[in-house]
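# Observations on chain architecture
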Amino acid sequence: MTGFYIRWGVILLVALGIGFLGVQRYERDVAAISPDQLLPNPVAEKVRVIGTIQGGSLSKEEEEKRAVFRLQGEKEILSVRYQGEDLDTLRELKVLVISGRWNPETREFDGASLSLIPNYGFVVAAYLIGIVPALLFLYLMERRLALLYNAVKQTKLYEPEVTAVDDR
Amino acid sequence: MHKLIQWMRRLEGWFGIAAALCIVVGLYMSLVTSPPDYYQGEVVRIMYIHVPFAQTSLTAYFVLFLGSLWYLWKKDPVIDNMCHATAGVAAFFTAGELITGSIWGKPAWNTWWTWDARLTSAFVLLLVLMAYLMLRMFMDDREKEARYAAILAIVGFVDLPIVYFSVEWWRTLHQPLSVSQRGLAISPEMLIPLIVMAVGFYLLFAYMVMIRTRMLYLEHLLEAKKGRLLSQAHL
């Protein structure tokens, strides 16, 4: 059974490694903050901000590939100056993620790219619900197989006891 | 030892290693390197686990169908063990398909479940497999049990083309086939991780069936040994 437990230890480590890479990618490319988190403590580096485009605030300049709008958090409202692709994606009252930098001089957010709401909870749930039971199912089957193999080896067929025969 | 069992013992390790490699690479590609979808965003990543579950579920049932025909022809108890093992694994993959699909349905369609032709026929497939496993659980006569189960699996096969073609035959909420005679409806950047994951799942299915078949075979062997021991002791 030692080999069996070593094999499953390695599988567990690999699964943790993939989970770690997934979390890193989430932190790097997917996670977003709201205007409520950005405006009280503006940061210079590139951030992803999630919010709703305020109704009546959107104005597009299709030829220049430019748009100006306000992004609404729960309490705070962020003014955004966007320059980039996918202007069609911008619609009033739509929830979006804008990547860009806070400009302290204009006190506006300079957006460079757009993406949809990540909904990563659904992705994580689907993968965990798919992979964890599969591993558990496989672990239980392999363990049962190893135990059965030992049991079959140890179980002897009935052999009549050899009784001492009185030769006299 | 039966030839099929010997063959499985020899091959299962390779299948296990290949499945693990494909799934590890597939998970890395689907969670880290593949791009988000223009319409669905990050949620499209659920496809890389849901579609392999669905494809493997259908393949598993097809294997069960062929195995059942083979059993009725040969009446070999080890083939019956393989069918029984396949049914358990097929039920697992079908349940996985329905659950991951339901999780994808919420952000994509704004509902966890709908009585759509594809979803309903897949659910019926799960019910057929549950009926098969229950039949195997509650019958005493092993030969009758195997025969009835094989007949049930063959009758239940009617549902398989319905599941597969439901999105073509009826207007459904579920999207049509991505790979069909009309061509490819998926970008290569998404197709490659999907293929890697699908191959990994097929190999995992084969590995699971081999393990489970040997498990059932050993269970019966142990039972037979103990039974003989007991009957001898009672003589």
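In this report, we go over the structure that sits alongside the text. (Residues numbered from 1 in each chain as written. Chains lettered and ligands numbered in written order. Predicted model: local features only at pLDDT ≥ 70, side-chain atom pairs only at ≥ 80, totals over all residues.)

## Let's talk about the overall build of chain A
For clarity, the threshold we go by: Helix and strand definitions here come from DSSP, where helices need a minimum of 4 consecutive H or I residues and strands a minimum of 2 consecutive E residues; each element is numbered from the N-terminal end. Using C-alpha atoms as the atom set, the radius of gyration is obtained and then compared with a globule rule of 2.2 Å times the number of residues to the power 0.38. Any residue with 12 or fewer other C-beta atoms within 10 Å of its own C-beta is exposed, any with 20 or more is buried, and the rest are partly exposed; the C-beta atoms used are placed from the backbone. Here the contact rule is simple: place C-beta atoms from the backbone, and any two residues whose C-beta atoms are within 7 Å are in contact.
Summing up its helical and strand segments, chain A has three helices and six strands in all. Along the chain direction, N to C, the helices and strands of chain A fall in the order α-α-β-β-β-β-β-β-α. By the compact-globule yardstick of 15 Å for 168 residues, chain A is too spread out, its C-alpha radius of gyration being 31 Å. Across the 168 residues that make up chain A, the buried fraction comes to 18%. Nonlocal contacts in chain A, meaning residues at least 24 apart in sequence, comprise 52% of its contacts between residues at least 6 apart.

## Considering the overall build of chain B
Regarding its fold elements, chain B presents seven helices and two strands. When the helices and strands of chain B are placed in sequence order, the string is α-α-α-α-α-α-β-β-α. For chain B, the spread of C-alpha atoms along the three principal axes comes to 75 × 35 × 30 Å. Taken across its 235 residues, chain B has 42% of its residues classed as buried. For chain B, long-range pairs separated by at least 24 residues make up 78% of all intrachain contacts whose partners lie at least 6 apart in sequence.

## Details of the packing of helix α3 (residues 120-154) of chain A against helix α3 (residues 77-109) of chain B
Here is the rule we go by: Angles here are taken between N-to-C directions and fall from 0 to 180 degrees, while the axes themselves are lines fitted to C-alpha atoms, restricted in helices to the stretch in contact. By definition in this entry, angles of less than 35 degrees are roughly parallel, angles greater than 145 are roughly antiparallel, angles of 65 to 115 are roughly perpendicular, and the rest are oblique. Under the grouping applied here, Gly and all other residues not named as nonpolar or charged are polar, the nonpolar ones being Ala, Val, Leu, Ile, Met, Phe, Trp, Tyr, Cys and Pro and the charged ones Asp, Glu, Lys and Arg.
Viewed as axis vectors pointing N to C, α3(A) and α3(B) meet at an angle of 170°, and their least axial separation amounts to 9 Å. Our classification of the angle between α3(A) and α3(B) gives roughly antiparallel. Of the residues in α3(B), those touching α3(A) at Phe122(A), Ala125(A), Ala126(A), Ile129(A), Gly130(A) and Phe137(A) are Phe92(B), Gly96(B), Ile99(B), Thr100(B), Ile103(B), Trp104(B), Lys106(B) and Pro107(B). A breakdown of the residues in the contact of α3(A) with α3(B) according to their chemical character gives 10 nonpolar, three polar and one charged.

## Here's the deal with the interface of chain B and chain A
Taken together, the contact pairs 37 residues of chain B with 32 residues of chain A. Taken together, the elements giving at least two residues each to the side of chain B that touches chain A come down to α1 (3-33), α2 (47-74), α3 and α7 (188-234) of chain B. If you tally residues by element for the side of chain B that touches chain A, the top one is α7(B), at 15 residues. Partitioning the side of chain B that touches chain A into residue classes produces 23 nonpolar, five polar and nine charged.

## Concerning the nonpolar core
Note the threshold: Here a nonpolar core is just a set of buried residues of the types Ala, Val, Leu, Ile, Met, Phe, Trp, Tyr and Cys, joined wherever their C-beta atoms sit within 7 Å.
Counting residues in each nonpolar core, the largest one holds 71 residues, and the members touching the most others are Ile46(B), Cys83(B), Val89(B), Ala90(B), Phe205(B) and Tyr207(B). Only α3 of chain A together with α1, α2, α3, α4 (117-138), α5 (142-156) and α7 of chain B provide two or more residues apiece to this core. For Ile46(B), the residues in contact, after removing those within four places along its chain, are Phe122(A), Val123(A), Ala126(A), Thr100(B), Ile103(B) and Trp104(B). Grouped together as the second largest cluster of nonpolar side chains are 15 residues, Leu78(A), Leu96(A), Trp102(A) and Phe109(A) included.

## Examining unusual backbone geometry
The phi torsion of most residues other than glycine is negative, and most of the peptide bonds are trans. Although it is not a glycine, Arg107(A) adopts a positive phi angle of roughly 55°. Checked against the element boundaries, Arg107(A) lands in the loop between β5 (95-103) and β6 (108-115). Phi at Asn110(B) is positive, roughly 65°, even though this residue is not glycine. By the element assignment, Asn110(B) lies in the loop between α3 and α4.

## Considerations on the pairing of β6(A)
Residues and elements named next belong to chain A. Quick note on the threshold: At least two DSSP bridges between two strands are needed for those strands to be called paired.
Bridging between strand β4 (residues 77-83) and β6 involves three bridges; their strand directions are parallel. Its bridge partner lying in β6, Tyr-82 is registered against Gly-111. With seven bridges joining them, β5 and β6 adopt antiparallel strand pairing. Bridging from a neighbouring strand, Gly-100 pairs with Gly-111 of β6. The turn joining β5 and β6, which pair antiparallel and follow one another in sequence, is formed by four residues; a positive phi near 55° is taken by Arg-107.

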